[in-house]
Amino acid sequence: MLSFLPAPVIGVLSSVLLGVNTLFWCLLLYIPALLKLIIPLKSFRVLCTRLIIWISESWVACNTGWMKLTHGTQWHINGAENLRRESWYLVLSNHQSWVDIFAMQRVFNRRAPFLKFFLKQQLIWVPIIGLAWWGLDFPFMKRYTREYLVKHPEKRGEDLKATRRACDKFRFTPVSVMNFVEGTRFTQAKHDKQKSRYTHLLTPKAGGAAFVLDTMGDAIQTLVDVTIAYPGGAPSFWDFLCGRVSEVKMEVHTVTIPEHLKGRDYSTDAEHRRNVKTWLAEQWQAKDQRIERMLQQ
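Counting restarts for each chain, with residues numbered from 1 along the sequence as it is written. Given that the model is predicted, a residue must reach a pLDDT of at least 70 before its local features are reported, and side-chain atom pairs must reach 80 or more before they are shown or counted; all residues, however, enter totals for whole chains, interfaces and linings. Here the side-chain values reflect all heavy atoms present in the structure, with hydrogen atoms and water set aside.

1. Focus: empty space enclosed by the protein
Line of reasoning, step 1. Cavities and pockets were defined on a 1 Å grid built over protein atoms only: a cavity is a set of grid points that admits a 1.4 Å probe from which the probe cannot escape, a pocket is an open set flanked by protein on both sides within 12 Å along at least five of seven lines, and lining residues are those with an atom within 4 Å of any such point. Grid points are joined across faces, edges and corners, and a volume is the space filled by probe spheres set on the points. Scanning the entire structure with this criterion turns up two cavities of 30 Å³ or more.
Line of reasoning, step 2. Taken as a whole, the largest cavity spans an internal volume of roughly 50 Å³.
Line of reasoning, step 3. Lining of the largest cavity is provided by Glu 57, Met 104, Gln 105, Phe 108, Asn 109, Arg 110, Ala 112, Pro 113, Phe 114 and Leu 115.
Line of reasoning, step 4. Segments assigned H or I by DSSP are reported as helices when at least four residues long, segments assigned E as strands when at least two residues long, and all are numbered from the N terminus. With three residues, helix 3 (residues 99–108) is the largest single contributor of residues to the lining of the largest cavity.
Line of reasoning, step 5. The classification used treats Ala, Val, Leu, Ile, Met, Phe, Trp, Tyr, Cys and Pro as nonpolar, Asp, Glu, Lys and Arg as charged, and all other residues, Gly among them, as polar. Residue classes in the lining of the largest cavity are distributed as six nonpolar, two polar and two charged.

2. Focus: the pattern of salt bridges
Line of reasoning, step 1. The salt bridge criterion pairs a side-chain nitrogen of Lys or Arg with a carboxyl oxygen of Asp or Glu, the two atoms within 4 Å. In the structure shown here, the tally under the stated rule is nine salt bridges.
Line of reasoning, step 2. We note a salt bridge from Arg 85 to Glu 57, for which the minimum N-O separation is 2.8 Å. Of this pair, Arg 85 sits in the loop between strand 1 (74–78) and strand 2 (89–93) while Glu 57 sits in helix 2 (residues 42–70), and the two are 28 residues apart along the sequence.
Line of reasoning, step 3. Taking relative accessible area as the criterion, Arg 85 reaches 38% and is therefore assigned partly exposed.
Line of reasoning, step 4. For Asp 269, the salt bridge goes to Arg 264, with nearest N and O atoms at 2.8 Å.
Line of reasoning, step 5. Each member of the salt-bridge network shares a partner with another, and the members are Glu 57, Arg 85 and Arg 110. When a residue's accessible area, from a 1.4 Å probe over protein chains only, is under 20% of the maximum for its type it is buried; when over 50% it is exposed; and in between it is partly exposed.

3. A few points about the packing of helix 2 against helix 3
Line of reasoning, step 1. Direction vectors running N to C along helix 2 and helix 3 enclose 110°, while the axes themselves pass 9 Å from each other. Viewed along their axes, helix 2 and helix 3 adopt a mutual orientation that is roughly perpendicular. Note on element contacts: helix 3 touches helix 2 through Phe 102, Gln 105 and Arg 106, opposite Trp 59, Val 60, Asn 63, Thr 64, Met 67 and Lys 68.
Line of reasoning, step 2. Among the residues forming the contact of helix 2 with helix 3, the class breakdown is four nonpolar, three polar and two charged. Every angle, taken between N-to-C directions, lies between 0 and 180 degrees, and every axis is a line fitted to C-alpha atoms, over only the stretch in contact when it is a helix. Just so you know how the angles are binned, under 35 degrees is roughly parallel, over 145 roughly antiparallel, 65 to 115 roughly perpendicular, and the rest oblique. Pairs of residues are marked as contacts when any of their non-hydrogen atoms sit within 4.5 Å.

4. Let's talk about the packing of aromatic side chains
Line of reasoning, step 1. Note on aromatic pairs: the rings of Phe, Tyr and Trp (six-membered ring only in Trp) are paired at centre separations within 6.5 Å, and the planes decide the class, stacked below 30 degrees, edge-to-face beyond 60, tilted for the rest. Across all of its chains, the model carries nine aromatic pairs by this definition.
Line of reasoning, step 2. Each residue in the set Trp 66, Phe 102, Phe 237 and Phe 240 is aromatic and connected to the rest through ring pairs, giving one cluster.
Line of reasoning, step 3. The side chain of Lys 287 reaches across the aromatic face of Trp 284, ending 5.1 Å from its centre. Put simply, a charge is over a ring when the Lys NZ or the Arg CZ is close to the ring centre, within 6 Å, and near the line of the ring normal, within 35 degrees.

5. Here we look at the sheet that holds strand 8 (residues 247–256)
Line of reasoning, step 1. If DSSP finds at least two bridges between two strands, the strands pair. Here six strands make up an open sheet; going across it, the order is 1-8-7-2-6-3 and the pairing mixed. Two strands in the sheet have a free side with no partner beyond their single neighbour: strand 1 and strand 3 (115–117). Across the sheet, the axes of successive neighbouring strands diverge by a mean angle of 25°, strand direction being ignored.
Line of reasoning, step 2. As judged from the five bridges shared by strand 2 and strand 7 (residues 222–229), these two strands associate in the parallel manner. Residue pairing for strand 7: Val 91 is matched across the bridge by Val 224.

6. As for the environment of Trp 66
Line of reasoning, step 1. Position of Trp 66 relative to the elements: it lies in helix 2.
Line of reasoning, step 2. Sequence separation between Trp 66 and Met 104 is 38 residues; the distance between their C-alpha atoms is 16 Å.
Line of reasoning, step 3. Residues contacting Trp 66, with those up to four places away along its chain left out, are Ser 14, Leu 17, Leu 18, His 71, Phe 240 and Leu 241.

7. Examining the confidence of the model for the protein
Line of reasoning, step 1. Per-residue pLDDT for the protein averages 89, and the proportion of residues at 70 or more is 95%.
Line of reasoning, step 2. Per-residue confidence from the prediction method is given by pLDDT, with values spanning 0 to 100. Confidence scores differ between elements of the protein, with helix 5 (residues 146–151) showing the lowest mean pLDDT of 68 and strand 7 the highest of 97.

In structure tokens, the structure reads:
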């Protein structure tokens, strides 16, 4: 509706709308989040989590509203109709831009359980939204360097323990556990440095997805494989705010997770590691071909 305005004006307007929307819903979310923090009763905390999820879905819905108001982006979405709100999903996606998160939230909102990402532990201190992420039970991960683990071998396996603690909370309400398995946003420089075998993707890292399957394999039956393509090139976040993203393409594929990939120990079982990596490589090969087709259409 307002896409006729100059791009910098749209960028400022979008920034203000995003900021106001985030502040309003986060302040509202703090009430159940703080109650959840101080009252350690499990059933009460589950109730608070459900309320927090409803508030978060409302935040996403309002974000979609201002996007429609200020942007003229064409959305081409296939496969989202197969999603179900009362399911437990492992969601894997390629990663090119911060816009990916907003795009996925827009498509998944109120069609599937609220997306929950693995976050670096330091992000819990981000003003305003750090507490919101905690209230939503986003798993905060602390990664150790190889050098640190050589000096402190007792810290080995702490990331797996943190994943297990987070996943235990996911058993009480349906969830979409999201993982960008490439570990970082795609750039040609990163692709060349990795010598990736794929044309449009970085080499996937299986550990995070495997830990979820090790811990929650009895609850999560379905992989939601998300493929995102930007025919105009991967946008920056400012490009997105300015409405310069002319087109977004997304394909959502639901895949039954093989039983032999669940409930084992990725950190100690070499055969299991090979199986998970092989399975993920097959998904990534298909995704690479899918992106090529999406960009050519």
